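Spelled out from the first residue to the last, the chains are:
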Amino acid sequence: MFTLPKLDYGYEALEPYIDAKTMEIHYTKHHQTYVDKLNAALQGHDELLSKSVEELCGMIDTLPGDLQTPVRNHGGGHANHSLFWKIIGPNAGSGVLPEGSLMTEIEKVFGNFEAFSKEFSDKAGAHFGSGWCWLAWGSEEGLHIHSLPNQENPYMHGDVPILGLDVWEHAYYLKYQNRRPEYIAAFWNVVNWQEVEKRFADATK
Ligand code: MN3
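Summary of the structure given here. This one's a predicted model, so the numbers in the text were calculated from it and none came from an experiment. (Residues numbered from 1 in each chain as written. Predicted model: local features only at pLDDT ≥ 70, side-chain atom pairs only at ≥ 80, totals over all residues. Heavy atoms only, no water.)

This part covers the overall build of the protein chain. When helices and strands are tallied, the protein chain shows eight helices and three strands. The linear arrangement of helices and strands in the protein chain, starting from the amino end, is α-α-α-α-α-β-β-β-α-α-α. By principal-axis analysis of the C-alpha atoms, the protein chain measures approximately 50 × 40 × 30 Å. The buried share of the protein chain, reckoned over its 205 residues, is 49%. When the accessible surface of the protein chain is split by element, carbon and sulfur atoms take 50% of a total near 9,700 Å². Both charge centroids of the protein chain, one from 16 positive and one from 28 negative side chains, sit 4 Å from each other. (Helix = DSSP H or I, 4+ residues; strand = E, 2+ residues; numbered from the N terminus. Buried < 20%, exposed > 50% of the residue type's maximum accessible area, 1.4 Å probe, protein only. Areas by Shrake-Rupley, 256 points an atom, 1.4 Å probe, with all protein chains shown as cover. Lys, Arg positive; Asp, Glu negative; His and termini not counted. Charge placed at Lys NZ, Arg CZ, Asp CG, Glu CD.)

The next subject is the pairing of strand 1 (residues 131-138). For strand 1, a buried count of eight out of eight residues is recorded, marking the element as mostly surrounded by other parts of the structure. The alternating pattern of strand 1 places Gly131, Cys133, Leu135 and Trp137 and Trp132, Trp134, Ala136 and Gly138 on opposite faces, both of which are buried. In this sheet, strand 2 (residues 142-149) lies alongside strand 1 in antiparallel orientation, the contact comprising eight bridges. Residue pairing in the sheet places Ala136 in a bridge with His144 of strand 2. Two strands pair when backbone bridges link them, and strand 1 and strand 3 (residues 160-166) are joined in this way by six bridges, in the antiparallel orientation. Each bridged residue has a counterpart across the sheet, and for Trp134 the counterpart in strand 3 is Gly164. (Pairing = 2+ DSSP bridges.)

Any two of four tetrahedral donors ideally make an angle of 109.5 degrees at the metal, while pairs among six octahedral donors ideally make 90 or 180 degrees. In this structure, His26 (NE2), His81 (NE2), Asp166 (OD) and His170 (NE2) serve as the protein donors to the manganese ion, at separations of 1.9 to 2.2 Å. Donor residues binding the manganese ion come from one chain and are separated in sequence as H-x54-H-x84-D-x3-H. Taken individually, Asp166 and His170 each receive the classification buried, so the pair is uniform in this respect. (Donors = N, O, S within 2.8 Å, 3.2 Å for Na, K, Ca; no water.)

This brings us to the pattern of salt bridges. One pass over the full model with this rule turns up seven salt bridges. The shortest N-O distance in the salt bridge between Lys123 and Glu119 comes to 3.0 Å. Of the two residues, Lys123 and Glu119 are both situated in helix 5 (residues 113-126); the distance of four residues between them amounts to about one turn of the helix. A salt bridge links Lys205 to Asp202; its shortest N-O distance comes to 3.3 Å. The exposure class of Lys205 is exposed, given its relative accessible area of 82%. (Salt bridge = Lys/Arg side-chain N within 4 Å of Asp/Glu carboxyl O.)

Within the secondary structure, Ala203 sits in helix 8 (residues 193-203). A C-alpha to C-alpha distance of 6.9 Å links Ala203 and Trp137, two positions 66 residues apart in sequence. Those residues in contact with Ala203 that lie beyond four places of it in its chain are Trp137, Val160 and Ile162. (Contact = heavy atoms within 4.5 Å.)

Here is the structure:
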């Protein structure tokens, strides 16, 4: 059975960028519901419970037909939020830039960090409706940014997510209401670049 992963910091730790109430509801209600619904959908499919949720997302097209939609929605929701809690954190992104091989690749692909963060912010802001903006690594495309609807993620497209931003209204509405661009701007202050660098290194090994 899948379970809610432990949060490495308190609900208030990302204030003022992400408020405590949003963190609490997002983690204990929204993420928990994805976990519960994924477990319910996998009942009777014991052979799949030995897989990680990331593996399940990566094999979405070969899953039994009746499981594809619940794994896309709730498996995606579980995988995406599990990643999100790790790639943000307290005392993280404010004034800090990525380093090492990730920064080298960002400069190669986007020119510089500012151009990268602008393209990411623009795509996150322009995404219509619920979804996520992703920085992903693909063996053919390399490092690239795209947004995906609902709980779809790069694993479902054969890629590896490096950085993800939840732009569902439940991620920001309590504090920012309809001002999604302000939430996106605040996000850069809480990115845990060490974790993002680690994910890039693992993806490109
Ligand atoms: Mn969410």
